[in-house]
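# Structure assessment
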Amino acid sequence: MMRSKWIALNIGLLLGFSALANAQSSNEKVLNLYSARHYQTDEALYSNFTKSTGIKINRIEADDNALIERLNSEGSKSPADVILLVDAARLWRAQVNGFFKPIQSKYLNDRIPANLRAKADADGTTWFGFSTRARIVVYNKNTVKPADVNTYEKLAEPMNKGKVCTRSGSHPYMLSLLGALIERNGEKATEAWAAGMVANMARSPKGGDTDQIKAVASGECGVALTNSYYLARLMRSTKPEDIAVVSKVGFVWPNQNAGGVHINISGGGVAKNAPHPAAAIQFLEYLASDSAQTYFADGNNEWPVVAAVRVDNPALKELGPYQAEKVSVASIGLNQIAAQKILDRVGYK
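Here the structure is a predicted model, which means the values were calculated and not measured.

## Focus: the overall build of the protein
- In terms of helices and strands, the protein carries 16 helices and nine strands.
- For the protein, whose C-alpha radius of gyration is 20 Å, the value lies close to the compact-globule estimate of 20 Å for 349 residues.
- Projected onto its principal axes, the C-alpha positions of the protein cover 65 × 45 × 40 Å.
- Just so you have it, the protein exposes about 15300 Å², and 54% of that area is on carbon and sulfur atoms.

## Quick notes on the packing of aromatic side chains
- Following the criterion strictly, the structure yields nine aromatic pairs and no others.
- Aromatic side chains Tyr46 and Phe283 sit 6.3 Å apart centroid to centroid with 35 degrees between the ring planes, which places their arrangement in the tilted category. Taken together, the positions of Tyr46 in helix α2 (residues 42-53) and Phe283 in helix α12 (residues 277-287) put the pair 237 residues apart, joining distant regions of the chain.
- Judged by centre distance (6.4 Å) and plane angle (90 degrees), the ring pair of Phe251 and Trp253 falls under edge-to-face.
- For Phe251, a relative accessible area of 26% puts it in the partly exposed group.
- Three or more aromatic residues joined by ring pairs form one cluster here, namely Tyr46, Phe49, Phe283 and Tyr286.

## Some points on the nonpolar core
- Counting residues in each nonpolar core, the largest one holds 56 residues, and the members touching the most others are Trp193, Met197, Ile213, Leu225, Leu231, Leu319 and Tyr348.
- It is helix α7 (residues 172-185) that contributes the most residues to this core, seven residues altogether.
- Among residues more than four places away in sequence, those in contact with Ile213 are Val138, Thr226, Tyr230, Leu231, Leu234, Val245 and Val249.
- Ala36, Leu45, Leu284 and Tyr286 belong to the second-largest nonpolar core, a separate cluster that totals 53 residues.

## Concerning the side chain of Thr166
- Along the chain, the position of Thr166 falls in the loop between β5 (164-165) and α7.
- Discounting residues that sit within four places of it in the chain, Thr166 has contacts with Met174, Met197, Met201, Arg203, Pro205, Lys206, Gln212, Leu225 and Tyr348.

## Here's the deal with the side chain of Asn140
- With respect to the helices and strands, Asn140 occurs in strand β4 (residues 128-140).
- Overall, Asn140 belongs to the buried group, its relative accessible area being 5%.
- Within the local environment of Asn140, its side chain forms a polar contact with the backbone nitrogen of Asn142, the two atoms lying 2.8 Å apart.
- Setting aside chain neighbours within four positions, we find Asn140 in contact with Val216, Ala217, Gly219, Cys221, Gly222 and Lys248.

## Description of the pattern of salt bridges
- Within this structure, the stated rule accounts for 15 salt bridges.
- The residue Arg37 makes a salt bridge to Glu302 at a minimum N-O spacing of 3.0 Å. With Arg37 in the loop between β1 (30-35) and α2 and Glu302 in the loop between α13 (290-300) and β9 (303-304), this pair connects stretches of sequence that are 265 residues apart.
- You can call Arg37 buried: its relative accessible area is 1%.

## Thoughts on unusual backbone geometry
- The phi angle at Asp87 is positive, at roughly 95 degrees, despite the residue not being glycine.
- Looking at the element boundaries, Asp87 is found in the loop between β3 (82-86) and α4 (88-96).
- A positive phi angle, close to 60 degrees, is found at Asn255, a residue other than glycine.
- Position of Asn255 among the secondary structure elements: in the loop between β7 (249-252) and β8 (263-270).

## Some remarks on helix α9 (residues 209-218)
- Among all positions of α9, only Asp209, Gln212, Ile213, Ala215, Val216 and Ala217 are buried.
- Two residues or fewer after α9 comes Gly219, characterised by a positive phi angle close to 95 degrees.

## A few points about the environment of Pro314
- With respect to the secondary-structure elements, Pro314 resides in helix α14 (residues 314-319).
- Along the primary structure Pro314 and Asn227 are separated by 87 residues, whereas in three dimensions their C-alpha atoms are 17 Å apart.

## A short note on the environment of Val329
- With respect to the element layout, Val329 can be found in helix α15 (residues 329-334).
- Along the primary structure Val329 and Ala88 are separated by 241 residues, whereas in three dimensions their C-alpha atoms are 6.0 Å apart.
- Beyond its immediate stretch of four places on either side in the chain, Val329 contacts Ala88, Asn115, Leu116, Arg117, Trp127, Ile263 and Ile265.

## A short note on α4
- The set of residues buried in α4 consists of Ala88, Ala89, Arg90, Leu91, Trp92 and Ala94.
- Packed against the buried residues of α4 are α3 (64-74), β3, α7, β8, α15 and α16 (336-346).
- N-cap assignment for α4: the residue whose side-chain oxygen lies 2.7 Å from the backbone N of Ala89 is Asp87.
- Remark: Gly98 follows α4 within two positions and exhibits a positive phi of approximately 80 degrees.

Definitions and limits used
- The residue numbers shown here count from 1 along each chain, following its written sequence.
- In view of the model being predicted, local features appear only for residues whose pLDDT reaches at least 70, and side-chain atom pairs are presented and counted only at 80 or more, with totals across whole chains, interfaces and linings using the full set of residues.
- Heavy atoms throughout the structure, all of them, feed into the side-chain values; hydrogens and water do not.
- Helix and strand assignments follow DSSP, with helices taken as H or I runs no shorter than four residues and strands as E runs no shorter than two, numbered in order from the N terminus.
- What the globule rule says is 2.2 Å times the number of residues to the power 0.38, and the radius of gyration is computed from C-alpha atoms.
- For the area figures, the Shrake-Rupley method with a 1.4 Å probe applies, and any residue is considered shielded solely by the protein chains shown.
- Centres within 6.5 Å make a pair out of two Phe, Tyr or Trp rings, where for Trp the six-membered ring is used; the pair is then stacked when the planes are under 30 degrees apart, edge-to-face when over 60, and tilted otherwise.
- Exposed residues in this analysis have more than 50% of their type's maximum accessible area, buried residues have under 20%, and partly exposed residues fall in between, with area computed by a 1.4 Å probe over protein chains only.
- Within this scheme, the nonpolar core is defined by two criteria: the residues are buried Ala, Val, Leu, Ile, Met, Phe, Trp, Tyr or Cys, and they are joined through side-chain atoms within 4.5 Å.
- Note on definitions: a residue-residue contact is assigned when non-hydrogen atoms from the two residues lie within 4.5 Å.
- Polar contacts, as used here, are pairs of N or O atoms within 3.5 Å; protein pairs need one atom able to donate a hydrogen and one able to accept it. Residues neighboring in sequence count only if both atoms are side-chain atoms.
- The working definition used for a salt bridge is a side-chain nitrogen of Lys or Arg within 4 Å of a carboxyl oxygen of Asp or Glu.

Structural data, given as structure tokens:
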């Protein structure tokens, strides 16, 4: 099964490469997009760009690891113009590998807060966040008091022994959370926290964020971490089984009086060897426009990075206001190696 899936993925990537190469050789206005965003709701986002600019988007979609491996293998011959990745940890990895071209854009600098983009140098900025998501806490209403889980630190305290569920510690979502905690509390305190999390596990880490929410609803776990848009997606669902899950769980914005909830991003930048760099910058600036920012919120339950943009998403409204951390996502990326070492030392699988 896994081998068949691998073969299918690589055939798809090869076919995609052929399509991009053919487009690149024509005079057609095109943009070659490598995207790890696999949300069907993004279709309208891309089609609206084409309608407004006349630039056709040739898209290759795969998970972050597959895209990074592909960029490695293509080297300077890559046809990619724009690379979109999910999570600061992955954006940092792509930056370290030299996949991005620094760009100068006053529009992007004015629209996107400095803590939600790569640190600029004399050549410009390599990548930008275009939407945000929060790492929130969900708990079983029947077995857990919200006051016992309203900070990340409390999840590692003895009162929550046998209650905690998370996905793999080595997943970028968890690595980024640790990277933020290192920035906020230092390595020593973060290692003690990670050890406490291991001691409090209800089961070995496994599954995705939706699996964590469902495990809390079933009573397998008392409390879990999830990115906010997974819960919002269930809240907007009309499926009876999803409605039942939501009815059994509560959520809290952690650390509202202690540094704020951890924030991560979905973002991207211009590829280092982009054959259409002007179109690439135009596309990134489009993603920071009011219309695109609104779509990130309404289409995939994420928050805009542009503070002035107002959204009309019932689930996001129900989640309510929150205090976000002020940690730079670029710093979170720089802490990835230290975060992984901590996880290895405490046995966080």
